[in-house]
Amino acid sequence: ETGVTQTPRHLVMGMTNKKSLKCEQHLGHNAMYWYKQSAKKPLELMFVYNFKEQTENNSVPSRFSPECPNSSHLFLHLHTLQPEDSALYLCASSQDPQATDTQYFGPGTRLTVL
Amino acid sequence: GENVEQHPSTLSVQEGDSAVIKCTYSDSASNYFPWYKQELGKRPQLIIDIRSNVGEKKDQRIAVTLNKTAKHFSLHITETQPEDSAVYFCAASTDSSYKLIFGSGTRLLVRP
């Protein structure tokens, strides 16, 4: 599936590193999302972008910094992360920025913070 | 805010049997209830959804039922096959929200 792609697929970083996750959607959608998936916990919405504008920041620590340069690309910049931030980070997109619109997920980036 | 609870957390069935996963939600304004399937190492994918103006929806071997009065909805898989083994997530949201609130997931194992 190539509708929503994410790079890298795996990332290991130290707590003092700075890295970025990238998401790209090829579906012509207007809304993009970042989710965090930890073991045995529900998918947690982190950020929502609608037509490049951030419309939701779900109380995410400032060490996570999103960027949406256009409606097809979404980044998550990471700095001074903690080991508890290790998780699968999923990007998703939907035609419209309503939660009742079908969301299409990317394959995720498996992040490990040492 | 909305809270979605999902049960059971794990479910093991024999191939050919039926599987039922149940979710309850707290916000009576919720009107959209999708179900996602996530196979091991893969992305979540929408398999079926239901809106509050209907009580049941079917798509081949899968069906979803909704009881708005009791605020619960269920996923039913009939004639299970090994390829149905995955983690299933329910979710709930409203038209006016940007947020899909997910349940904690059910790991389904279909034994051949």
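Values in this document were obtained by computation on a predicted structure and should not be read as measured data.

It is worth spelling out the interface of chain A and chain B at this point. Across the contact, 26 residues belong to chain A and 22 residues belong to chain B. Surface buried jointly by chain A and chain B totals about 2000 Å² across both partners, of which 52% is contributed by carbon and sulfur atoms. Counting across the interface, chain A meets chain B through 0 salt bridges. There are 4 residue pairs in polar contact (both at pLDDT 80 or more) connecting chain A and chain B. Among the elements of the structure, β4 (31–37), β5 (44–50), β6 (53–57) and β9 (87–94) of chain A are those that each provide at least two residues to the side of chain A that touches chain B. Of the residues belonging to the side of chain A that touches chain B, the class tally is 13 nonpolar, 9 polar and 4 charged.

A separate point is the nonpolar core. Of all hydrophobic cores here, the largest spans 23 residues; its most connected members are B:W35, B:F73 and B:L108. Those residues in contact with B:L108 that lie beyond four places of it in its chain are B:L11, B:V13, B:A19, B:I77, B:D84, B:S85, B:A86 and B:Y88. A:V4, A:C23, A:V60 and A:F64 belong to the second largest nonpolar core, which has 22 residues in total.

All names here are of chain B. Note on placement: S28 falls in the loop between β3 (19–25) and β4 (32–38). Residues S28 and G1 lie 27 residues apart in sequence; the distance between their C-alpha atoms is 11 Å. Those residues in contact with S28 that sit more than four places away from it in its chain are K68 and K71.

This paragraph deals with the packing of aromatic side chains. The full count for this structure, using the stated rule, is 12 aromatic pairs over all chains. With a centroid separation of 5.4 Å and 45 degrees between ring planes, the pair formed by A:Y35 and A:F105 is classed as tilted. Taken together, the residues A:Y35 in strand β4 and A:F105 in strand β10 (residues 104–105) connect sequence positions 70 residues apart. In textbook terms, an aromatic cluster arises when at least three aromatic residues are bridged by ring pairs, as seen for A:Y33, A:Y35, A:F105, B:Y36, B:F89 and B:F102.

So, about the state of the cysteines. Residue and element names in this part refer to chain A. Inspection of every chain in the model, using the stated rule, returns 2 disulfides over all chains. Disulfide pairing places C23 opposite C91 at an S-S distance of 1.9 Å. The sign of the -70 degrees torsion about the S-S bond sets the C23-C91 disulfide as left-handed. With C23 in strand β3 (residues 18–25) and C91 in strand β9, this pair connects stretches of sequence that are 68 residues apart.

Our focus in this paragraph is the sheet that holds strand β7 (residues 64–70) of chain A. Residues and elements named next belong to chain A. An order of β1-β3-β8-β7 is seen for the 4 strands of this open sheet, with the pairing classed as antiparallel. With one partner strand each, in any of the chains shown, β1 (4–7) and β7 form the two edges of the open sheet. Taking the axes of each pair of neighbouring strands and ignoring which way they run, one obtains an average angle of 20 degrees across the sheet. By the bridge criterion, 5 bridges tie β7 to strand β8 (residues 73–79) in an arrangement that is antiparallel. Its bridge partner lying in β8, S65 is registered against H77.

Rules behind the numbers
Residues numbered from 1 in each chain as written. Chains lettered and ligands numbered in written order. Predicted model: local features only at pLDDT ≥ 70, side-chain atom pairs only at ≥ 80, totals over all residues. Heavy atoms only, no water. Contact = heavy atoms within 4.5 Å. Buried area = accessible area lost by both parts, 1.4 Å probe. Salt bridge = Lys/Arg side-chain N within 4 Å of Asp/Glu carboxyl O. Polar contact = N/O pair within 3.5 Å; in protein donor to acceptor, adjacent residues only side chain to side chain. Helix = DSSP H or I, 4+ residues; strand = E, 2+ residues; numbered from the N terminus. Nonpolar A, V, L, I, M, F, W, Y, C, P; charged D, E, K, R; others polar. Core = buried A, V, L, I, M, F, W, Y, C linked by side-chain atoms within 4.5 Å. Buried < 20%, exposed > 50% of the residue type's maximum accessible area, 1.4 Å probe, protein only. Phe/Tyr/Trp six-rings, centres within 6.5 Å; stacked < 30°, edge-to-face > 60°. Disulfide = S-S within 2.5 Å. Pairing = 2+ DSSP bridges. Axes fitted to C-alpha atoms, helices over the stretch in contact; angles between N-to-C directions.

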